[in-house]
Amino acid sequence: MSKTQRVLFSFDERSLDSLKRLTEQGRFSSMADTVRESLQISRALQAQADQGFVEVIVRNPETKEERVVVIPNLKPAVK
């Protein structure tokens, strides 16, 4: 069974508004779920960066248009 721990975060007004908006847009059941999912995405991207992959390309399946998403803190781990 996994261990859980209660954590308290403090957000400035702008960051809290962003979190609320992301929670609504992503249809998450709670802000905690939004943070948890964001951490999972960040961990997956960082794992790819650690292997040398530092660009994220998104594709619109209808138009086939592609764009490169810039993620400022995505850097390979220091070895």
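Here the structure is shown first, and the text comes after it.
Fair warning: this is a prediction, and the values are worked out from it, not measured in the lab. (Residues numbered from 1 in each chain as written. Predicted model: local features only at pLDDT ≥ 70, side-chain atom pairs only at ≥ 80, totals over all residues. Heavy atoms only, no water.)

Undergrad: Looking at this structure, I do not really get the overall build of the chain. What am I missing?
TA: Along the backbone of the chain there are two helices and two strands. Taken from N to C terminus, the helices and strands of the chain fall in the order α-α-β-β. Taken over C-alpha atoms, the radius of gyration comes to 16 Å for the chain, far larger than the 12 Å a tight globule of 79 residues would show. Relative to its full complement of 79 residues, the chain shows a buried share of 6%. Within the chain, residue pairs in contact and separated by at least 24 positions form 30% of the contacts whose partners lie at least 6 positions apart. Across the chain, the 13 positively charged side chains and the 11 negatively charged ones have centroids separated by 5 Å. (Helix = DSSP H or I, 4+ residues; strand = E, 2+ residues; numbered from the N terminus. Rg over C-alpha atoms; globule rule 2.2 N^0.38 Å. Buried < 20%, exposed > 50% of the residue type's maximum accessible area, 1.4 Å probe, protein only. Contact = heavy atoms within 4.5 Å. Lys, Arg positive; Asp, Glu negative; His and termini not counted. Charge placed at Lys NZ, Arg CZ, Asp CG, Glu CD.)

Undergrad: Teacher, can you tell me more about unusual backbone geometry here?
TA: Across residues other than glycine, the phi torsion is negative in most instances, and most of the peptide bonds are trans. Positive phi is not limited to glycine here, since R27 has a value of about 55 degrees. Assessed through its relative accessible area of 76%, R27 is described here as exposed. In the Ramachandran plot, K64 falls in the positive-phi region, its phi being about 70 degrees despite a non-glycine side chain. The residue K64 is located in the loop between β1 (56-59) and β2 (66-69) in this model.

Undergrad: Before we go on, may I ask you to explain the side chain of T23 in this structure?
TA: Along the chain, the position of T23 falls in helix α1 (residues 13-25). Of note is the side chain of T23, whose polar atom sits 2.8 Å from the backbone oxygen of L19. Those residues in contact with T23, other than ones at most four positions away along the chain, are F28, S30, M31 and T34. (Polar contact = N/O pair within 3.5 Å; in protein donor to acceptor, adjacent residues only side chain to side chain.)

Undergrad: I would appreciate a short explanation of the environment of D50 in the present structure.
TA: Here D50 is to be found in helix α2 (residues 31-50). The spatial distance from the C-alpha of D50 to the C-alpha of A77 is 5.2 Å, given a sequence separation of 27 residues.

Undergrad: What is the right way to read the pattern of salt bridges from this model?
TA: By the definition in use, this model includes three salt bridges. Residue D33 is joined to R36 by a salt bridge in which the shortest nitrogen-to-oxygen separation is 2.8 Å. Here R36 and D33 lie together in helix α2, a separation of three residues that amounts to about one turn. Overall, the relative accessible area of 44% leaves R36 in the partly exposed class. Residues E66 and R59 are paired through a salt bridge, measuring 2.9 Å at the closest nitrogen-oxygen approach. Of the residues examined, E66 reaches a relative accessible area of 44% and is grouped as partly exposed. Given a relative accessible area of 55%, R59 falls into the exposed group. (Salt bridge = Lys/Arg side-chain N within 4 Å of Asp/Glu carboxyl O.)

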